[in-house]
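Now for the letters of each chain:
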Number of protein chains: 2
Amino acid sequence: MRFLEERILKDGKVFPGNILKVDSFLNHQIDPAVIREIAEAFYQRFGQENVTKILTVEASGVAIAVMTAGRFGVPMVFAKKSQTKNLSPDVYSASVDSFTHGNTSQIRVSKSFLSPEDRVLIVDDFLALGNATRGLMQITEEAGATLVGIGIAIEKGFQGGGDEIRKKGIPLESLAVIDSMDDEGNIVFRS
Amino acid sequence: MRFLEERILKDGKVFPGNILKVDSFLNHQIDPAVIREIAEAFYQRFGQENVTKILTVEASGVAIAVMTAGRFGVPMVFAKKSQTKNLSPDVYSASVDSFTHGNTSQIRVSKSFLSPEDRVLIVDDFLALGNATRGLMQITEEAGATLVGIGIAIEKGFQGGGDEIRKKGIPLESLAVIDSMDDEGNIVFRS
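Computed from a predicted structure; not experimentally measured.

Rules used in this analysis
- Residues numbered from 1 in each chain as written.
- Chains lettered and ligands numbered in written order.
- Predicted model: local features only at pLDDT ≥ 70, side-chain atom pairs only at ≥ 80, totals over all residues.
- Heavy atoms only, no water.
- Salt bridge = Lys/Arg side-chain N within 4 Å of Asp/Glu carboxyl O.
- Helix = DSSP H or I, 4+ residues; strand = E, 2+ residues; numbered from the N terminus.
- Buried < 20%, exposed > 50% of the residue type's maximum accessible area, 1.4 Å probe, protein only.
- Contact = heavy atoms within 4.5 Å.
- Buried area = accessible area lost by both parts, 1.4 Å probe.
- Polar contact = N/O pair within 3.5 Å; in protein donor to acceptor, adjacent residues only side chain to side chain.
- Nonpolar A, V, L, I, M, F, W, Y, C, P; charged D, E, K, R; others polar.
- Pairing = 2+ DSSP bridges.
- Least-squares fit on C-alpha atoms with pLDDT ≥ 70 in both.
- Axes fitted to C-alpha atoms, helices over the stretch in contact; angles between N-to-C directions.
- Parallel < 35°, antiparallel > 145°, perpendicular 65-115°, else oblique.
- Phe/Tyr/Trp six-rings, centres within 6.5 Å; stacked < 30°, edge-to-face > 60°.
- Lys NZ or Arg CZ within 6 Å of the ring centre and 35° of its normal.

Participant: Help me understand the pattern of salt bridges, please; the structure alone is not making it clear to me.
Facilitator: Close approach of charged atoms allows side chains with opposite charge to pair. All names here are of chain A. Enumeration according to the criterion identifies 29 salt bridges over all chains in this entry. Between R45 and E173 there is a salt bridge, with its nearest N and O atoms 3.1 Å apart. In this pair, R45 is assigned in helix α2 (residues 32–46) and E173 in strand β10 (residues 172–181), connecting sequence segments 128 residues apart. For R45, a relative accessible area of 34% corresponds to the partly exposed category. Several salt bridges converge on common partners, so that one network encompasses E155, D163, R166, D179 and R190.

Participant: When you look at the side chain of D23 of chain A in this model, what are you seeing that I'm missing?
Facilitator: With respect to the secondary-structure elements, D23 of chain A resides in the loop between β2 (19–21) and β3 (29–30). Overall, the relative accessible area of 18% leaves D23 of chain A in the buried class.

Participant: What's the story with the interface of chain B and chain A in this structure? I'm lost.
Facilitator: Interface size is commonly expressed as the accessible area that is lost once the parts come together. Facing the 34 residues of chain B at the interface are 35 residues of chain A. For the chain B face of the interface with chain A, the top three residues by lost area are H28, Q29 and F113 of chain B, together amounting to 24%. Inspection of the region where chain B meets chain A yields 10 residue pairs in polar contact (both at pLDDT 80 or more). The set of elements that each furnish at least two residues to the side of chain B that touches chain A consists of β2 (19–21), β3 (29–30), α2 (32–46), α3 (61–72), β5 (76–82) and β7 (103–110) of chain B. For the side of chain B that touches chain A, the element with the highest residue contribution is α3 of chain B, accounting for six residues. Split into classes, the residues belonging to the side of chain B that touches chain A amount to 18 nonpolar, nine polar and seven charged. Pairing of strand β5 (residues 76–79) of chain A with β3 of chain B, which is carried by two bridges, proceeds in the antiparallel orientation. Within β3 of chain B, the position partnered with M76 of chain A by the bridge is I30 of chain B.

Participant: What is the right way to look at the relation of the copies chain B and chain A in this model?
Facilitator: Each of the two chain copies goes to the other by way of a rotation about an axis and a shift along it. Superposing chain B onto chain A takes a rotation of 180 degrees combined with a translation of 0.0 Å along the rotation axis, leaving an RMSD of 0.4 Å. Here the two chains are linked by the operation of a two-fold rotation axis. Same-surface contact between copies: 85% of interface residues of chain B are shared with the interface of chain A.

Participant: Quick question: what am I supposed to make of the packing of α2 of chain A against α3 of chain B here?
Facilitator: Packed helices, taken two at a time, are described by the angle their axes make and the gap between the axes. Running from N to C, α2 of chain A and α3 of chain B cross one another at 105 degrees; their axes reach a closest spacing of 9 Å. By the angle between their directions, the pair α2 of chain A and α3 of chain B is classed as roughly perpendicular. Between α2 of chain A, through P32, I35 and R36 of chain A, and α3 of chain B, the contact on the second element is made entirely by V66, A69 and G70 of chain B. Looking at the contact of α2 of chain A with α3 of chain B residue by residue, the class counts come to four nonpolar, one polar and one charged.

Participant: Quick question: what am I supposed to make of the pairing of β7 of chain B here?
Facilitator: On a regular strand, each side chain points to the face opposite its neighbour's, so the side chains alternate between the two faces of the sheet. Residues and elements named next belong to chain B. As judged from the three bridges shared by β5 and β7, these two strands associate in the antiparallel manner. Looking across to β7, one finds that K81 is bridged to I107. Across eight bridges, the pairing between strand β6 (residues 91–98) and β7 is antiparallel. When the bridges of β7 are listed, S93 appears paired with R108.

Participant: Looking at this structure, how should I read the packing of aromatic side chains?
Facilitator: A ring pair, where both rings are aromatic, is described by two values, the distance of the centres and the angle of the planes. Residues and elements named next belong to chain A. Going through the model one piece at a time under the given rule, you end up with two aromatic pairs over all chains. Measuring from ring centre to ring centre gives 5.0 Å for Y43 and F72, while their planes differ by 80 degrees; the resulting arrangement is edge-to-face. Within this pair, whereas Y43 is found in helix α2, its partner F72 is found in helix α3 (residues 61–72), the two being separated by 29 residues in sequence. For Y43, a relative accessible area of 23% puts it in the partly exposed group. On the basis of relative accessible area, F72 is assigned to the buried category, the value being 13%. The ring of F15 has K21 lying over it, and the distance from NZ or CZ to the ring centre is 5.3 Å. Over the ring of Y43 we find R71; its NZ or CZ atom is 3.8 Å from the centre of that ring.

Participant: Sorry if this is basic, but what is going on with the environment of D31 of chain A here?
Facilitator: All names here are of chain A. When you line up the elements, D31 lands in the loop between β3 and α2. Placed 35 residues apart in sequence, D31 and V66 show a C-alpha to C-alpha distance of 14 Å. Apart from the residues lying within four places of it in its own chain, the contact partners of D31 are R7 and F25. Of the polar contacts made by the side chain of D31, one reaches the side chain of R7; its length is 3.0 Å. Polar side-chain contacts of D31 include one of 2.9 Å to the backbone nitrogen of A33.

Everything listed here is a matter of geometry and, on its own, says nothing about what the molecule does.
Okay, here's the thing in structure tokens:
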């Protein structure tokens, strides 16, 4: 999707260690117009699939998920990363290694909010190794729900997580796929 | 605001320890139509105040903030939570005790995204003791930005945090203020 590639080239910053910072518009400061375009693109791709629920993981995924849910006219659910007093112990959970944070966390979704009747669209801002996405896939499967597809804003294609998921035959739509980037800030998108 | 009070009575659940669960529509599963109404109510209240930035804290605040930012046509920024005390010098930070999580965390906003020119509207899903809100107020002040007001979805009025902020003369709009609730699930709203 051209609009997102253009915005990445304009406002994204590359740091050593394959870190792409898009925190001026996507995951710290957030431009709601960009999120709305992302939601619209997901709707164009998956709008005919009778999606009943949008699923993501906190925190920056929440912005994309709520706008996407609004476009589809269905609820969204976000997996939580920590055990809190107001999360029931009755949860689906998965273990997720974080590339960005360098740690492992449990992500959890209350069993009340995913069921075998659900047709789930997973969305997130980033996909690199695909750990968070696989965690959400695992939770969807545990719930017995149908995974309709996956919508990602930015995929770091060179880290392989996206292609691994595609090999399983799961519809994965990434609006910008980065095939390479270097420390001079050059970014090459998959065409 | 009637719509939110009605939804709380319909779908909210009260648990011992003054816990109100609204996780079926506000902070785990999220109904985007409710969030859109909340954003609209904040716009009706603060739309004439030349707001330049919506500020919240991860994670459930993000949904309300991005919809509110879309309604105002301005960016939103969410403060990040981190357990580490090692703060880089390029962030504004505040220490926040969490009622829900039973711990203390640092919340941080990159200095790139708040400046003295900004007119800030703080939004969040909940206000109880007001710790998170005060942390966001502190960050706004550190940045030298102007605090235009605060928009909260649900205020637990009996915990006093909201009235303490109002006493300082800060415009605080809570769409539903709970004056009391008991373990039988009875909820009394402030009129």
